[in-house]
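Below, each chain spelled out in residue letters.
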Amino acid sequence: MNRTRILLGTAALAVAVGLWFAFTSPVDRLQGEFSRIVHIHAPFLWVAFLAFGVTALASIMWLVKKTPRWDRLGEASAELGVVFTVTGLFTGMVWGQAVWGRAWDWGDARLATTAVMLFVYLGYLALRKATPDPEMRARRSAILGTIAVVQVPLVYFSVYLFRTLHQTPSIRPDGASMPREMLIALLVNFLAITYLYVTLLFARLDVARAEARVSVQPDLAGDAVKPPRLTEVEDV
Amino acid sequence: MSDLLIVIGTFALSYAVVLGYAARLHLRRRRVKD
(Lines give C-alpha, C1' and ligand atoms only; values in the text may rest on other atoms or scores of the structure.)
Protein backbone atom coordinates (compact mmCIF):
# COMPACT_ATOMS: atom_id res chain seq x y z
CA MET A 1 0.00 0.00 0.00
CA ASN A 2 1.55 3.31 -1.06
CA ARG A 3 1.72 6.55 0.91
CA THR A 4 -1.16 8.25 -0.96
CA ARG A 5 -3.54 5.35 -0.28
CA ILE A 6 -2.69 5.36 3.43
CA LEU A 7 -3.22 9.13 3.58
CA LEU A 8 -6.55 8.95 1.72
CA GLY A 9 -7.75 6.09 3.96
CA THR A 10 -6.89 7.98 7.15
CA ALA A 11 -8.44 11.17 5.72
CA ALA A 12 -11.70 9.27 5.04
CA LEU A 13 -11.61 8.09 8.67
CA ALA A 14 -11.00 11.64 9.91
CA VAL A 15 -13.94 12.92 7.82
CA ALA A 16 -16.16 10.14 9.24
CA VAL A 17 -15.22 11.20 12.79
CA GLY A 18 -15.95 14.82 11.83
CA LEU A 19 -19.38 13.82 10.48
CA TRP A 20 -20.17 11.95 13.71
CA PHE A 21 -19.33 15.07 15.73
CA ALA A 22 -21.31 17.29 13.33
CA PHE A 23 -24.49 15.21 13.65
CA THR A 24 -24.29 14.57 17.41
CA SER A 25 -23.41 18.12 18.55
CA PRO A 26 -26.17 20.38 19.91
CA VAL A 27 -27.92 22.70 17.47
CA ASP A 28 -28.69 26.41 17.62
CA ARG A 29 -32.08 27.17 19.24
CA LEU A 30 -33.21 29.47 16.41
CA GLN A 31 -31.60 27.87 13.37
CA GLY A 32 -32.27 24.24 14.38
CA GLU A 33 -30.75 21.50 12.20
CA PHE A 34 -29.43 24.04 9.69
CA SER A 35 -26.85 25.24 12.22
CA ARG A 36 -25.03 21.90 11.64
CA ILE A 37 -23.92 23.27 8.25
CA VAL A 38 -21.35 25.40 10.11
CA HIS A 39 -19.33 22.19 10.66
CA ILE A 40 -18.47 21.98 6.96
CA HIS A 41 -19.09 25.53 5.71
CA ALA A 42 -16.47 27.24 7.89
CA PRO A 43 -13.78 24.49 7.55
CA PHE A 44 -14.20 24.32 3.74
CA LEU A 45 -13.61 28.04 3.40
CA TRP A 46 -10.75 28.02 5.91
CA VAL A 47 -9.09 25.30 3.80
CA ALA A 48 -9.69 27.39 0.66
CA PHE A 49 -7.86 30.31 2.32
CA LEU A 50 -5.05 27.95 3.36
CA ALA A 51 -4.82 26.52 -0.17
CA PHE A 52 -4.57 29.97 -1.79
CA GLY A 53 -1.96 30.94 0.83
CA VAL A 54 0.07 27.86 -0.12
CA THR A 55 -0.29 28.82 -3.81
CA ALA A 56 1.07 32.29 -3.02
CA LEU A 57 3.98 30.86 -1.04
CA ALA A 58 4.78 28.39 -3.84
CA SER A 59 4.53 31.22 -6.40
CA ILE A 60 7.04 33.35 -4.46
CA MET A 61 9.34 30.33 -4.11
CA TRP A 62 9.15 29.72 -7.88
CA LEU A 63 10.05 33.36 -8.57
CA VAL A 64 13.08 32.95 -6.28
CA LYS A 65 14.23 29.39 -7.11
CA LYS A 66 12.71 28.78 -10.60
CA THR A 67 12.30 25.04 -9.90
CA PRO A 68 9.30 23.13 -11.37
CA ARG A 69 8.32 21.62 -8.01
CA TRP A 70 7.15 25.04 -6.73
CA ASP A 71 5.13 25.57 -9.90
CA ARG A 72 3.48 22.17 -9.43
CA LEU A 73 2.70 22.94 -5.77
CA GLY A 74 1.14 26.29 -6.71
CA GLU A 75 -1.12 24.70 -9.32
CA ALA A 76 -2.11 21.75 -7.10
CA SER A 77 -3.06 23.97 -4.18
CA ALA A 78 -4.98 26.46 -6.35
CA GLU A 79 -7.01 23.61 -7.84
CA LEU A 80 -7.92 22.37 -4.35
CA GLY A 81 -8.68 25.92 -3.24
CA VAL A 82 -11.21 26.20 -6.06
CA VAL A 83 -12.84 22.86 -5.11
CA PHE A 84 -13.17 23.92 -1.46
CA THR A 85 -14.40 27.44 -2.36
CA VAL A 86 -17.15 25.94 -4.54
CA THR A 87 -18.27 23.55 -1.78
CA GLY A 88 -17.97 26.33 0.83
CA LEU A 89 -20.16 28.63 -1.26
CA PHE A 90 -22.68 25.87 -1.92
CA THR A 91 -23.05 25.02 1.79
CA GLY A 92 -23.33 28.74 2.57
CA MET A 93 -26.10 29.15 -0.02
CA VAL A 94 -28.16 26.33 1.48
CA TRP A 95 -27.63 27.80 4.96
CA GLY A 96 -28.46 31.31 3.73
CA GLN A 97 -31.68 30.15 2.07
CA ALA A 98 -32.79 28.53 5.33
CA VAL A 99 -31.75 31.30 7.73
CA TRP A 100 -31.78 34.56 5.72
CA GLY A 101 -34.51 33.54 3.29
CA ARG A 102 -32.20 33.92 0.29
CA ALA A 103 -29.36 31.86 -1.08
CA TRP A 104 -27.39 34.72 -2.61
CA ASP A 105 -27.11 38.49 -2.32
CA TRP A 106 -24.61 40.44 -4.43
CA GLY A 107 -24.97 43.30 -1.97
CA ASP A 108 -23.36 41.22 0.77
CA ALA A 109 -19.64 41.93 1.05
CA ARG A 110 -18.58 38.43 2.17
CA LEU A 111 -20.50 36.67 -0.60
CA ALA A 112 -19.40 39.07 -3.34
CA THR A 113 -15.69 39.04 -2.37
CA THR A 114 -15.72 35.22 -2.10
CA ALA A 115 -17.27 34.95 -5.57
CA VAL A 116 -14.63 37.32 -6.99
CA MET A 117 -11.90 35.25 -5.30
CA LEU A 118 -13.30 32.10 -6.93
CA PHE A 119 -13.39 33.73 -10.38
CA VAL A 120 -9.80 34.98 -10.04
CA TYR A 121 -8.51 31.50 -9.15
CA LEU A 122 -10.56 29.98 -11.99
CA GLY A 123 -8.75 32.55 -14.13
CA TYR A 124 -5.43 31.37 -12.65
CA LEU A 125 -6.21 27.79 -13.75
CA ALA A 126 -7.43 29.00 -17.18
CA LEU A 127 -4.22 31.00 -17.62
CA ARG A 128 -2.20 27.85 -17.00
CA LYS A 129 -4.23 25.91 -19.59
CA ALA A 130 -3.83 28.74 -22.10
CA THR A 131 -0.02 28.89 -21.82
CA PRO A 132 1.67 25.87 -23.47
CA ASP A 133 5.28 26.87 -22.76
CA PRO A 134 6.18 25.51 -19.28
CA GLU A 135 8.59 28.33 -18.37
CA MET A 136 6.15 31.06 -19.45
CA ARG A 137 3.26 29.24 -17.74
CA ALA A 138 5.16 29.01 -14.47
CA ARG A 139 6.18 32.69 -14.63
CA ARG A 140 2.70 34.00 -15.45
CA SER A 141 0.96 31.86 -12.83
CA ALA A 142 3.59 32.69 -10.19
CA ILE A 143 2.95 36.42 -10.69
CA LEU A 144 -0.84 35.97 -10.59
CA GLY A 145 -0.60 33.54 -7.65
CA THR A 146 1.42 36.08 -5.66
CA ILE A 147 -0.95 38.99 -6.38
CA ALA A 148 -4.26 37.08 -6.10
CA VAL A 149 -3.69 36.14 -2.45
CA VAL A 150 -4.54 39.71 -1.35
CA GLN A 151 -8.16 38.60 -1.71
CA VAL A 152 -7.89 36.20 1.23
CA PRO A 153 -7.62 38.92 3.93
CA LEU A 154 -10.13 40.99 1.94
CA VAL A 155 -12.69 38.16 2.11
CA TYR A 156 -11.94 37.47 5.77
CA PHE A 157 -12.19 41.09 6.93
CA SER A 158 -15.08 41.99 4.58
CA VAL A 159 -17.56 41.26 7.40
CA TYR A 160 -15.84 43.91 9.57
CA LEU A 161 -15.28 46.44 6.76
CA PHE A 162 -18.87 46.30 5.44
CA ARG A 163 -21.64 45.35 7.85
CA THR A 164 -24.04 43.61 5.48
CA LEU A 165 -25.88 40.27 5.68
CA HIS A 166 -23.12 37.84 6.63
CA GLN A 167 -22.27 37.51 10.32
CA THR A 168 -18.80 38.07 11.83
CA PRO A 169 -16.77 34.91 12.68
CA SER A 170 -18.09 32.71 15.52
CA ILE A 171 -14.54 31.96 16.70
CA ARG A 172 -12.49 35.03 17.57
CA PRO A 173 -9.32 35.59 19.61
CA ASP A 174 -11.46 36.78 22.54
CA GLY A 175 -13.59 33.60 22.58
CA ALA A 176 -16.30 31.70 20.72
CA SER A 177 -19.98 32.56 20.49
CA MET A 178 -21.21 28.95 20.79
CA PRO A 179 -21.51 26.22 23.46
CA ARG A 180 -18.46 24.10 24.27
CA GLU A 181 -19.85 20.90 22.64
CA MET A 182 -20.54 22.75 19.40
CA LEU A 183 -17.11 24.33 19.47
CA ILE A 184 -15.39 20.95 19.96
CA ALA A 185 -17.38 19.48 17.03
CA LEU A 186 -16.40 22.45 14.87
CA LEU A 187 -12.71 22.15 15.79
CA VAL A 188 -12.74 18.38 15.03
CA ASN A 189 -14.17 19.19 11.59
CA PHE A 190 -11.57 21.93 11.06
CA LEU A 191 -8.82 19.36 11.76
CA ALA A 192 -10.43 16.61 9.63
CA ILE A 193 -11.00 18.83 6.61
CA THR A 194 -7.53 20.40 6.87
CA TYR A 195 -6.08 16.86 6.91
CA LEU A 196 -8.24 16.01 3.88
CA TYR A 197 -6.75 19.02 2.06
CA VAL A 198 -3.17 17.95 2.90
CA THR A 199 -3.93 14.42 1.71
CA LEU A 200 -5.47 15.56 -1.58
CA LEU A 201 -2.54 17.93 -2.09
CA PHE A 202 -0.09 15.00 -1.85
CA ALA A 203 -2.26 12.96 -4.25
CA ARG A 204 -2.43 15.89 -6.71
CA LEU A 205 1.36 16.38 -6.51
CA ASP A 206 1.87 12.68 -7.24
CA VAL A 207 -0.18 13.07 -10.43
CA ALA A 208 1.69 16.25 -11.41
CA ARG A 209 5.08 14.55 -10.89
CA ALA A 210 4.00 11.49 -12.91
CA GLU A 211 2.67 13.69 -15.75
CA ALA A 212 5.90 15.71 -15.76
CA ARG A 213 7.95 12.50 -16.07
CA VAL A 214 5.84 11.32 -19.03
CA SER A 215 6.09 14.68 -20.78
CA VAL A 216 9.93 14.58 -20.79
CA GLN A 217 10.20 10.94 -21.90
CA PRO A 218 10.27 11.55 -25.68
CA ASP A 219 13.46 13.57 -25.20
CA LEU A 220 15.08 10.64 -23.38
CA ALA A 221 14.64 8.53 -26.53
CA GLY A 222 16.83 10.98 -28.45
CA ASP A 223 16.95 11.04 -32.26
CA ALA A 224 15.09 7.75 -32.59
CA VAL A 225 11.68 9.42 -32.10
CA LYS A 226 12.32 12.66 -34.00
CA PRO A 227 10.16 13.15 -37.11
CA PRO A 228 12.03 13.69 -40.42
CA ARG A 229 12.91 17.33 -41.09
CA LEU A 230 11.32 19.09 -44.06
CA THR A 231 14.67 19.37 -45.91
CA GLU A 232 15.14 15.60 -45.69
CA VAL A 233 11.72 15.02 -47.24
CA GLU A 234 12.54 17.42 -50.09
CA ASP A 235 15.78 15.56 -50.83
CA VAL A 236 13.73 12.41 -51.52
CA MET B 1 -37.21 15.99 9.92
CA SER B 2 -37.18 17.58 6.45
CA ASP B 3 -34.65 20.15 7.72
CA LEU B 4 -32.33 17.35 8.78
CA LEU B 5 -32.73 15.70 5.35
CA ILE B 6 -31.75 18.95 3.61
CA VAL B 7 -28.69 19.22 5.89
CA ILE B 8 -27.71 15.58 5.23
CA GLY B 9 -28.15 16.20 1.49
CA THR B 10 -25.94 19.31 1.71
CA PHE B 11 -23.20 17.36 3.47
CA ALA B 12 -23.53 14.48 0.98
CA LEU B 13 -23.37 16.74 -2.10
CA SER B 14 -20.39 18.68 -0.75
CA TYR B 15 -18.41 15.56 0.01
CA ALA B 16 -19.49 14.08 -3.34
CA VAL B 17 -17.75 17.02 -5.07
CA VAL B 18 -14.56 16.38 -3.09
CA LEU B 19 -14.84 12.63 -3.73
CA GLY B 20 -15.35 13.32 -7.43
CA TYR B 21 -12.17 15.38 -7.49
CA ALA B 22 -10.27 12.55 -5.75
CA ALA B 23 -11.66 10.03 -8.26
CA ARG B 24 -10.57 12.28 -11.15
CA LEU B 25 -7.05 12.39 -9.68
CA HIS B 26 -7.04 8.59 -9.45
CA LEU B 27 -8.08 8.26 -13.10
CA ARG B 28 -5.41 10.74 -14.23
CA ARG B 29 -2.77 8.84 -12.25
CA ARG B 30 -3.83 5.55 -13.82
CA ARG B 31 -3.83 7.03 -17.32
CA VAL B 32 -0.29 8.32 -16.82
CA LYS B 33 0.84 4.90 -15.53
CA ASP B 34 -0.64 3.15 -18.60
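Residues numbered from 1 in each chain as written. Chains lettered and ligands numbered in written order. Predicted model: local features only at pLDDT ≥ 70, side-chain atom pairs only at ≥ 80, totals over all residues.

## Description of the overall build of chain B
- Assigned secondary structure in chain B consists of one helix and zero strands.
- Overall, chain B is about 50 × 10 × 5 Å in size when its C-alpha atoms are taken along their principal axes.
- Put simply, chain B has 34 residues, and 21% of those count as buried. (Helix = DSSP H or I, 4+ residues; strand = E, 2+ residues; numbered from the N terminus. Buried ≥ 20, exposed ≤ 12 C-beta atoms within 10 Å, placed from the backbone.)

## Some thoughts on the nonpolar core
- Counting residues in each nonpolar core, the largest one holds 56 residues, and the members touching the most others are V47, A48, A51, F52, F84 and Y197 of chain A.
- If you list the elements that add at least two residues to this core, you get α1 (3-24), α2 (38-65), α3 (68-99), α4 (109-130), α5 (134-148) and α7 (180-220) of chain A together with α1 (2-33) of chain B.
- Of all the elements, α2 of chain A adds the most residues to this core, at 15 residues. (Core = buried A, V, L, I, M, F, W, Y, C linked by C-beta atoms within 7 Å.)

## A word on the interface of chain B and chain A
- Taken together, the contacts link 16 residues of chain B with 22 residues of chain A.
- Its residues assigned to classes, the side of chain B that touches chain A comprises eleven nonpolar, two polar and three charged. (Contact = placed C-beta atoms within 7 Å. Nonpolar A, V, L, I, M, F, W, Y, C, P; charged D, E, K, R; others polar.)

## Some thoughts on unusual backbone geometry
Residue and element names in this part refer to chain A.
- Unlike most non-glycine residues, K66 shows phi in positive territory, near 60°.
- Summarising the element assignment, K66 is placed in the loop between α2 and α3.
- Since 13 C-beta atoms lie within 10 Å of it, K66 is described here as partly exposed.

## What about the environment of L196 of chain A?
All names here are of chain A.
- Considering the arrangement of structural elements, one finds L196 in helix α7.
- L196 gets classed as buried once you count the C-beta atoms within 10 Å, which come to 26.
- Along the primary structure L196 and A14 are separated by 182 residues, whereas in three dimensions their C-alpha atoms are 7.9 Å apart.
- Once you skip the residues sitting within four places of it in the chain, L196 turns out to touch A11, A14 and V15.

## Section: the packing of α3 of chain A against α5 of chain A
Residues and elements named next belong to chain A.
- Taken N-terminus to C-terminus, the directions of α3 and α5 make an angle of 55°; their axes are 10 Å apart at the nearest point. By the angle class used here, α3 and α5 are oblique. Seen from above, α3 lies across α5 with left-handed handedness. Here α3 contributes D71, G74, E75 and A78 to the contact with α5, which in turn contributes A138, S141, A142 and G145.
- Here the residues of the contact of α3 with α5 sort into three nonpolar, three polar and two charged. (Axes fitted to C-alpha atoms, helices over the stretch in contact; angles between N-to-C directions. Parallel < 35°, antiparallel > 145°, perpendicular 65-115°, else oblique. Left-handed = near helix turned anticlockwise from the far one by under 90°.)

## Observations regarding α4 of chain A
All names here are of chain A.
- With 22 residues, α4 should reach 32 Å at 1.5 Å per residue; the first-to-last C-alpha distance of 31 Å fits that figure.
- Along α4, the positions that sit buried rather than exposed are A109, R110, L111, T113, T114, M117, Y121 and Y124.
- Buried residues along α4 sit in contact with α2, α3, α5 and α6 (151-161). (Expected span 1.5 Å × (residues − 1).)

## Considering the confidence of the model for chain A
- In the predicted model, chain A carries a mean pLDDT of 90, and the fraction of residues at 70 or more is 91%.
- Put simply, helix α8 (residues 230-235) of chain A is where chain A has its lowest mean pLDDT, 53, and α2 of chain A is where it has its highest, 97. (pLDDT = per-residue confidence, 0-100.)

## So, the packing of α4 of chain A against α5 of chain A
Residue and element names in this part refer to chain A.
- Packing of α4 against α5 leaves a shortest axis separation of 9 Å and a crossing angle of 170°. Considering the angle they form, α4 stands roughly antiparallel to α5. Counted together, V120, Y121, Y124, L127 and R128 of α4 and R137, R140, S141, L144, G145 and A148 of α5 form the full contact between these two elements.
- Split into classes, the residues belonging to the contact of α4 with α5 amount to six nonpolar, two polar and three charged.

## Some words on the environment of I6 of chain B
Residues and elements named next belong to chain B.
- Structurally, the position occupied by I6 is in helix α1.
- Exposure remark for I6: the 15 C-beta atoms within 10 Å place this residue in the partly exposed category.
- Between the alpha carbons of I6 and V17 there is a distance of 17 Å; along the sequence they are eleven residues apart.

## A closer look at the environment of A176 of chain A
Residue and element names in this part refer to chain A.
- Mapped onto the elements of the fold, A176 is located in strand β2 (residues 175-176).
- With 14 C-beta atoms packed within 10 Å, A176 lands in the partly exposed category.
- Once residues within four sequence positions are removed from consideration, A176 is found in contact with S170, I171 and L183.

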